[in-house]
Amino acid sequence: MSISKAASSKVTSPKSIEERLQIERLVPATEVVTSHAGTDVIQGLTQTPKTLPTRYLYDDRGSELFEQICELPEYYLTRTETKILQQYAGEIARITGPCELVELGSGSSTKTRILLEAYQQLGYPLLYVPIDVSAGILESSARQLLADYPDLKVNALAGTYELALAQMLPSPLPCRMIGFIGSTLGNLKPQESDIFLSQITNALEVGEYFLLGIDLQKPKYILEPAYNDSQGVTAAFNLNILEHLNQRFEGNFDPTQFEHWSFYNETENQIESYLRSLRSQSVELSALNLTVNFALGETIHTEISRKFDLNTIQKQLTARGLVPLNVWTDPNQWFGLLLCQRQA
């Protein structure tokens with residue numbers, strides 16, 4: 001399916017949701033486990049200390065749990081970034097002009113509505129390209145958006161960022177803006193972040209835009225509760241990675257025999273999340289022909305969330321040809337939103 005073909009015509013009159021919705025699966029929904037599938041799981045669970053790729057946190061259930069996390073009182077990130085967007089979305093739309101909106105890790109697309117409203121108020125055509133590994137949440141959120149915005153077209157891509165960015169075709173609109181909000185960049189290690197930003201640069205034409213949301217460095221007493229909420233939703237989200245592995249690779253992980261453990265590493269300026277084994281145990285992933293032994297208290301490292309310094313990240317972006325035009329923060333300086341433009 002071609003993105004350009006799907007979005008080649010402007011909407012001149014209200015059309016049905018089905019006419020305005022395209023969903024392309026970059027990874028087949030019924031993925032067959034082959035000799036190379038799951039090699040990242042094997043590698044992670046057979047090394048010391050054990051790790052799992054963060055992407056396995058986001059099956060349909062994981063995506064639903066993350067949406068719940070965003071509503072928690074301890075999780076300041078979503079509320080803070082939303083307020084910044086509400087204040088500056090109009091300015092963003094005026095700077096970019098008519099623009100295809102691409103969002104990496106779109107989830108429920110809640111904050112995207114703020115941008116859509118801004119572009120709609122200026123009379124610009126609305127073309128949205130959400131990208132997420134969860135096809136389920138992509139479709140449900142896209143249908144709700146299409147019901148609420150009669151002139152919107154959605155070309156959703158179900159797959160990883162890498163696949164989506166590599167397959168970006170020229171936009172049918174005068175410009176494109178890739179959005180990576182929610183401080184998801186913090187989930188990437190520095191080397192992975194460098195590679196990712198290079199992929200963003202390659203996916204944009206000169207003059208196009210990159211909108212980046214980042215969580216800023218702040219005291220430990222503010223950060224740690226956001227990843228250890230009182231309702232246990234973050235713990236459920238972290239533990240769900242084991243259920244995902246069970247389903248995908250015919251495993252027998254018992255999530256009740258593991259616990260969520262998360263803390264702020266002040267030296268590295270990052271939250272680190274783990275699953276800790278509550279007893280000595282063995283786990284099998286039959287589809288991978290893998291048996292994993294755990295000692296009491298042994299951990300699996302599942303995620304990091306780096307916290308950024310504004311001056312440092314601006315230099316890193318500029319080095320990749322993504323020059324910050326505007327930088328907005330909240331009154332507490334807890335969160336940053338950067339609008340960058342691709343330069344030659």
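One can find the structure itself at the top, above this paragraph.
Values in this document were obtained by computation on a predicted structure and should not be read as measured data.

Undergrad: Please give an account of the packing of aromatic side chains that cites residues and values.
TA: Centre-to-centre distance and the angle between the planes together describe a pair of aromatic rings. Within this structure, the stated rule accounts for 18 aromatic pairs. Geometrically, the ring pair formed by tyrosine 75 and tyrosine 227 is edge-to-face, given 6.2 Å between the ring centres and 75° between the ring planes. One end of the pair, tyrosine 75, is in the loop between α4 (60–69) and α5 (76–96); the other, tyrosine 227, is in the loop between α10 (220–226) and α11 (233–249), and 152 residues separate them in sequence. For tyrosine 75, a relative accessible area of 6% corresponds to the buried category. Seen in terms of ring centroids, tyrosine 88 and tryptophan 328 are 5.2 Å apart; in terms of plane orientation they differ by 20°. Their pairing is stacked. With a gap of 240 residues between them, tyrosine 88 in helix α5 and tryptophan 328 in strand β13 (residues 322–329) connect regions that are remote in the sequence. Of the two residues examined, tyrosine 88 and tryptophan 328, each falls in the buried class. A connected cluster of aromatic rings, assembled from ring pairs, spans Tyr58, Phe66, Tyr75, Tyr227 and Phe237. When the ring centre of phenylalanine 294 is taken as origin, the NZ or CZ atom of lysine 50, which lies over that ring, is 5.1 Å away.

Undergrad: Would you mind going over the nonpolar core in detail, with residue names and values included?
TA: Ile92, Met177 and Phe253 are the most contacted members of the largest nonpolar core, which totals 70 residues. When residues of this core are assigned to their parent elements, the largest contribution, eight residues, is made by α5.

Undergrad: Explain the pattern of salt bridges to me, using residue names and the numbers behind them.
TA: Pairs can form between side chains of opposite charge whenever their charged atoms are close. All told, the structure shown has 12 salt bridges when counted by the stated rule. Of the charged contacts in the structure, one is a salt bridge between glutamate 81 and lysine 111, with a shortest N-O distance of 2.5 Å. Linking glutamate 81 in helix α5 with lysine 111 in the loop between β3 (100–104) and α6 (112–121), this pair joins segments that are 30 residues apart in sequence. Per residue, the accessibility class of glutamate 81 equals that of lysine 111, and both read buried. Note that arginine 320 and aspartate 194 form a salt bridge whose closest N and O atoms lie 3.8 Å from each other. With arginine 320 in the loop between α12 (310–319) and β13 and aspartate 194 in helix α9 (residues 190–203), this pair connects stretches of sequence that are 126 residues apart. What makes aspartate 194 partly exposed here is its relative accessible area of 32%. Salt bridges sharing partners connect three or more residues here, namely Glu18, Glu139 and Arg143.

Undergrad: I'd like to hear about the sheet that holds β13, residue by residue, with values.
TA: Strands belonging to one sheet form pairs held by backbone hydrogen bonds; the direction of such a pair is parallel or antiparallel. An order of β1-β5-β4-β3-β6-β7-β14-β13 is seen for the eight strands of this open sheet, with the pairing classed as mixed. Of all the strands in the sheet, the pair left with one neighbour each is β1 (21–25) and β13. Looking at each pair of strands side by side, their axes are set apart by 20° on average, direction ignored. Relative to strand β14 (residues 335–342), β13 runs antiparallel, the two sharing seven bridges. The residue of β14 that forms the bridge with proline 324 is cysteine 340. The strands touched by α9 are β3, β6 (176–180), β7 (209–215), β13 and β14; relative to β6, the strand with the most contacts, the crossing angle is about 160°.

Undergrad: Describe the pairing of β6, naming the residues involved and giving the relevant values.
TA: The buried fraction of β6 is high, at five of five residues. The side-chain alternation of β6 yields two buried faces, one formed by Arg176, Ile178 and Phe180 and the other by Met177 and Gly179. Bridging between β3 and β6 involves four bridges; their strand directions are parallel. Bridged to leucine 101 within β6 is methionine 177. Summarising the sheet, β6 and β7 pair through four bridges and their orientation is parallel. The residue of β7 that forms the bridge with glycine 179 is leucine 211. Crossover handedness for the path β6 to α9 to β7: right-handed.

Undergrad: Which residues make up α4, and what values do they have?
TA: Along α4, the residues classified as buried are Gly62, Ser63, Leu65 and Ile69. Down the axis of α4, the buried side of the element spans an arc of 160°, and every buried residue falls inside it. At its buried positions, α4 is contacted by β4 (126–132), α7 (135–148) and α11.

Undergrad: Explain the packing of α5 against α6 residue by residue, including any values.
TA: Between α5 and α6, the shortest axis-to-axis distance is 8 Å and the interhelical angle comes to 40°. At the point where α5 passes α6, the crossing takes the right-handed sense. The residues of α6 that touch α5, namely those facing Thr82, Leu85, Gln86, Ala89, Gly90, Ile92, Ala93 and Thr96, are Ile114, Leu115, Ala118 and Tyr119. The residue makeup of the contact of α5 with α6, split by class, is eight nonpolar, four polar and no charged.

Undergrad: Go over the side chain of threonine 82 with me, naming the residues and quoting the values.
TA: Along the polypeptide, threonine 82 turns up in helix α5. Setting aside residues up to four positions removed in sequence, threonine 82 forms contacts with Lys111 and Ile114.

Undergrad: Any chance you could break down the sheet that holds strand β9 (residues 270–277) for me, citing the residues and the numbers?
TA: What the four strands build is an open sheet, ordered β2-β12-β9-β8; its pairing is mixed. The sheet is open, and its two borders are formed by β2 (50–51) and β8 (258–265), each paired with just one other strand. The pairing of β2 with strand β12 (residues 299–306) spans two bridges and is classified as parallel. Bridge pairing in β12 links lysine 50 to isoleucine 300.

What counts, and at which threshold
- Residues numbered from 1 in each chain as written.
- Predicted model: local features only at pLDDT ≥ 70, side-chain atom pairs only at ≥ 80, totals over all residues.
- Heavy atoms only, no water.
- Phe/Tyr/Trp six-rings, centres within 6.5 Å; stacked < 30°, edge-to-face > 60°.
- Helix = DSSP H or I, 4+ residues; strand = E, 2+ residues; numbered from the N terminus.
- Buried < 20%, exposed > 50% of the residue type's maximum accessible area, 1.4 Å probe, protein only.
- Lys NZ or Arg CZ within 6 Å of the ring centre and 35° of its normal.
- Core = buried A, V, L, I, M, F, W, Y, C linked by side-chain atoms within 4.5 Å.
- Salt bridge = Lys/Arg side-chain N within 4 Å of Asp/Glu carboxyl O.
- Pairing = 2+ DSSP bridges.
- Axes fitted to C-alpha atoms, helices over the stretch in contact; angles between N-to-C directions.
- Contact = heavy atoms within 4.5 Å.
- Right-handed = clockwise from strand over helix to strand, strands pointing away.
- Arc of directions from axis to C-beta.
- Left-handed = near helix turned anticlockwise from the far one by under 90°.
- Nonpolar A, V, L, I, M, F, W, Y, C, P; charged D, E, K, R; others polar.

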